[in-house]
Amino acid sequence: MLRGKKILVGVSGGIAAYKSAEVVSRLRKLGAEVHVAMTKGATEFIAPLTLRTLSMNPVHVEMFEEPKRWNVEHIALAEHVDAVLVAPATANLLAKMAVGIADDFLSTVLLATRAPIFVAPAMNHAMFHHSATQQNLETLRTRSVRVIGPDTGFQACGTDGDGRMSEPVEIVKILVDFLTSSKLLEGKKALVTAGGTQEPLDPVRYLGNRSSGRMGYAIAQALQEAGAETILVSAPTDLPVPHEVKRISVMTAQEMHDAVLEQFPKMDVVIKAAAVADYRPKENASQKIKKQGTSLWVELVPNPDILAELGKIKSTQILVGFAAETENLIANAQDKMRRKNVDMLVANDVTRPGSGFGSFTNSVSFLFPDGRRIDLPQMNKLEVARHLRDEIAGLLGVTKE
Ligand code: PMT
């Protein structure tokens with residue numbers, strides 16, 4: 001199942017380190033190429049020799065050990081793995097990840113990699129519930145790190161509670177699910193729009209909105225994870241382009257319109273998460289508008305409605321729209337779904353705290369023309385994106401093996 005996949009297993013210094021041997025062994029048996037990086041503390045609990053033998057690869061501990069190949073090893077590993085799993089992840093390692101400390105081989109790879117990262121925390125229950133650890137986990141989640149467990153039960157320190165590392169079989173199952181779903185949309189072409197368009201008033205000013213682009217970027221990442229060839233048509237944002245996604249940068253609604261329409265005939269899926277300005281200033285002054293004593297009148301003219309246009313010309317494409325609403329969420333969203341002729345609509349109540357523009361989380365409902373409706377609880381935008389991706393896969397008629 002994992003043939004052709006490269007996985008880096010990071011092991012930090014806790015009693016559960018002995019279970020990493022089973023994790024490595026299971027991954028190898030499934031055909032994965034496994035590399036191991038241990039913290040110095042981890043080597044007190046389990047010998048590198050054990051993990052070297054099970055992984056059939058050299059084990060990395062020190063940053064400045066004699067190189068095994070000519071290249072910069074921590075960077076080479078960081079760039080070439082399909083996933084990184086840290087099991088066990090101690091409170092100390094999670095804290096280092098949260099603030100970006102890179103003071104040994106493992107923490108340096110974790111900072112350098114753009115591959116998906118999974119952590120399986122393992123620690124005493126009081127350490128797990130400490131607000132520092134909880135905040136660190138929250139920070140990591142907002143950066144798309146996936147947290148596995150921990151479980152509840154008897155702990156090495158003699159108490160009962162949360163903090164036991166999840167069982168290796170469970171950890172490996174989650175990794176397998178993730179790495180095999182990466183085939184779900186293989187061969188499909190997807191386009192996502194993201195961010196808020198900027199409509200110039202003069203050389204230094206524009207009309208804009210509060211979209212950060214996070215929702216659209218998360219969707220592009222989720223589609224790419226599932227193997228879709230993904231294009232992001234993005235209004236200005238500071239966000240990094242997700243791994244292996246192609247970005248086309250635009251500024252105005254008209255530019256977004258032109259870029260999307262050019263790509264549309266080649267696409268299997270188009271998702272319009274961008275906040276597109278409905279109007280633009282009629283005039284874009286060639287010089288900075290000077291302050292005047294009186295009111296300033298700016299005439300606005302309508303922009304093209306990109307989604308509605310796509311709804312009119314679509315043939316085989318799955319078209320997904322968003323509706324950002326401040327009142328009558330479902331009724332307004334259903335109306336948009338019909339008017340714009342989309343196959344699925346994501347209704348977004350942008351007045352809820354932690355939802356909509358600029359937030360890391362979102363709470364949305366999925367609406368379908370056949371009357372189906374799915375209400376998701378508030379969750380990280382990447383998790384919303386993965387739910388959305390799985391629904392789209394269903395609409396395309398592809399399901400997990
Ligand atoms: O970027 P974030 O900070 O993460 O915030 C995410 C978000 C709130 C921007 C996102 O979740 C969202 O709701 N996006 C849609 C915003 C929007 O403009 O909604 P709307 O109801 O005005 O538009 C309806 C649909 O028509 C949208 O799919 C929009 O992309 C599209 N549209 C709108 C106007 C226009 N001229 N052309 C369009 O294609």
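The following refers to the structure shown. (Residues numbered from 1 in each chain as written. Predicted model: local features only at pLDDT ≥ 70, side-chain atom pairs only at ≥ 80, totals over all residues. Heavy atoms only, no water.)

## A few points about the overall build of the protein
A count of helical and extended segments in the protein gives 14 helices and 22 strands. Overall, the C-alpha framework of the protein stretches about 75 × 50 × 45 Å when taken along its three principal axes. The buried share of the protein, taken over its 401 residues, is 51%. Restricting to contacts in the protein with at least 6 residues of sequence separation, those with at least 24 account for 66%. Separation between the mean location of the 46 positive side-chain charges and that of the 45 negative ones in the protein comes to 1 Å. (Helix = DSSP H or I, 4+ residues; strand = E, 2+ residues; numbered from the N terminus. Buried < 20%, exposed > 50% of the residue type's maximum accessible area, 1.4 Å probe, protein only. Contact = heavy atoms within 4.5 Å. Lys, Arg positive; Asp, Glu negative; His and termini not counted. Charge placed at Lys NZ, Arg CZ, Asp CG, Glu CD.)

## Thoughts on helix α13 (residues 329-340)
Its twelve residues place the ends of α13 16 Å apart at the C-alpha level, agreeing with the 16 Å of an ideal helix rising 1.5 Å per residue. Along α13, the positions that sit buried rather than exposed are Leu329, Ile330, Ala333, Met337 and Lys340. Down the axis of α13, the sector holding all buried residues measures 110°, keeping them to one side. Along α13, exposed side chains directed more than 90 degrees from the buried face belong to Arg338 and Arg339. In this fold, the buried residues of α13 make contact with α12 (306-313), β17 (318-325), β18 (344-349), β20 (364-367) and β21 (373-375). (Expected span 1.5 Å × (residues − 1). Arc of directions from axis to C-beta.)

## Things to note about the site of the ligand
Taken together, 28 residues are adjacent to the ligand, and Ser211, Ser212, Lys272, Lys336 and Asn348 come closest. Separating an oxygen atom of the ligand from a backbone N or O atom of Met215 is a distance of 2.8 Å. Lys272 has a polar backbone atom sitting 2.7 Å from an oxygen atom of the ligand. When the ligand is considered free in solution it has 770 Å² of accessible area, and contact with the protein chains removes 96% of it. When residues of the shell around the ligand are traced back to their parent elements, those giving at least two are α10 (214-225), α12, β17 and α13. Of the residues forming the shell around the ligand, the biggest block, four residues, is contributed by β17. Residues of the shell around the ligand, tallied by class, amount to 13 nonpolar, eight polar and seven charged. (Near = heavy atom within 4 Å. Polar contact = N/O pair within 3.5 Å; in protein donor to acceptor, adjacent residues only side chain to side chain. Areas by Shrake-Rupley, 256 points an atom, 1.4 Å probe, with all protein chains shown as cover. Nonpolar A, V, L, I, M, F, W, Y, C, P; charged D, E, K, R; others polar.)

## Considering the packing of helix α5 (residues 91-99) against helix α8 (residues 131-142)
It is the contact of α5 with α8, at a shortest axis distance of 9 Å, that shows an interaxial angle of 50°. The orientation of α5 relative to α8 falls into the category oblique. Pair α5 / α8 crosses with left-handed handedness. From α5, Ala91, Leu94, Ala95, Met97 and Ala98 reach across to α8, where they touch Thr133, Asn136, Leu137, Thr139 and Leu140. A per-class count over the contact of α5 with α8 returns seven nonpolar, three polar and no charged. (Axes fitted to C-alpha atoms, helices over the stretch in contact; angles between N-to-C directions. Parallel < 35°, antiparallel > 145°, perpendicular 65-115°, else oblique. Left-handed = near helix turned anticlockwise from the far one by under 90°.)

## Side note on the environment of Arg26
Its location among the elements puts Arg26 in helix α1 (residues 20-29). The contacts of Arg26, once residues within four sequence positions are left out, are Pro168, Val169 and Val172.

## Quick look at the sheet that holds strand β6 (residues 146-147)
The strand order across the open sheet formed by six strands is β3-β2-β1-β4-β5-β6, and the pairing between neighbours is parallel. One side of each edge strand has no neighbouring strand; the edge strands of this open sheet are β3 (59-60) and β6. Sheet analysis places strand β1 (residues 6-11) next to strand β4 (residues 83-89), joined by four bridges and oriented parallel. Residue Val9 lies in a different strand from β4, and its bridge partner there is Leu85. (Pairing = 2+ DSSP bridges.)

## Notes on the nonpolar core
One finds Ile219, Leu223, Ile271, Val320, Phe322, Phe366 and Leu388 to be the most contacted residues of the largest nonpolar core, which totals 35 residues. Elements with a contribution of two residues or more to this core: β9 (189-194), α10, β14 (269-272), β17, β18, β20 and α14 (381-395). Element by element, the count of residues in this core is highest for α10, at seven residues. In terms of nonpolar packing, the next biggest core, distinct from the first, is built from 33 residues, Leu27, Ala87, Ala122 and Ile148 among them. (Core = buried A, V, L, I, M, F, W, Y, C linked by side-chain atoms within 4.5 Å.)

## Things to note about unusual backbone geometry
Between Ala87 and the following residue, Pro88, the backbone shows a cis peptide bond with an omega angle of 0°. Locating Pro88 in the fold gives a position in strand β4. Between Gly149 and the following residue, Pro150, the backbone shows a cis peptide bond with an omega angle of 5°. With respect to the secondary-structure elements, Pro150 resides in the loop between β6 and β7 (151-154).

## Let's talk about the sheet that holds strand β12 (residues 229-234)
Pairing is mixed across the open sheet formed by eight strands, whose spatial order is β13-β12-β9-β14-β17-β18-β20-β21. Each edge of the open sheet carries a strand with a single partner, namely β13 (246-249) and β21. Direction aside, the axes of adjacent strands within the sheet are offset by 15° on average. Judged from the four bridges that link them, β9 and β14 form a sheet pairing that is parallel. Its bridge partner lying in β14, Ala190 is registered against Val269. Packed onto the sheet, α10 meets β9, β12, β13, β14 and β17 and runs at close to 165° relative to β9. Packing of helix α11 (residues 253-263) onto the sheet brings it into contact with β9, β12, β13 and β14, and relative to β9 it is tilted by some 170°.

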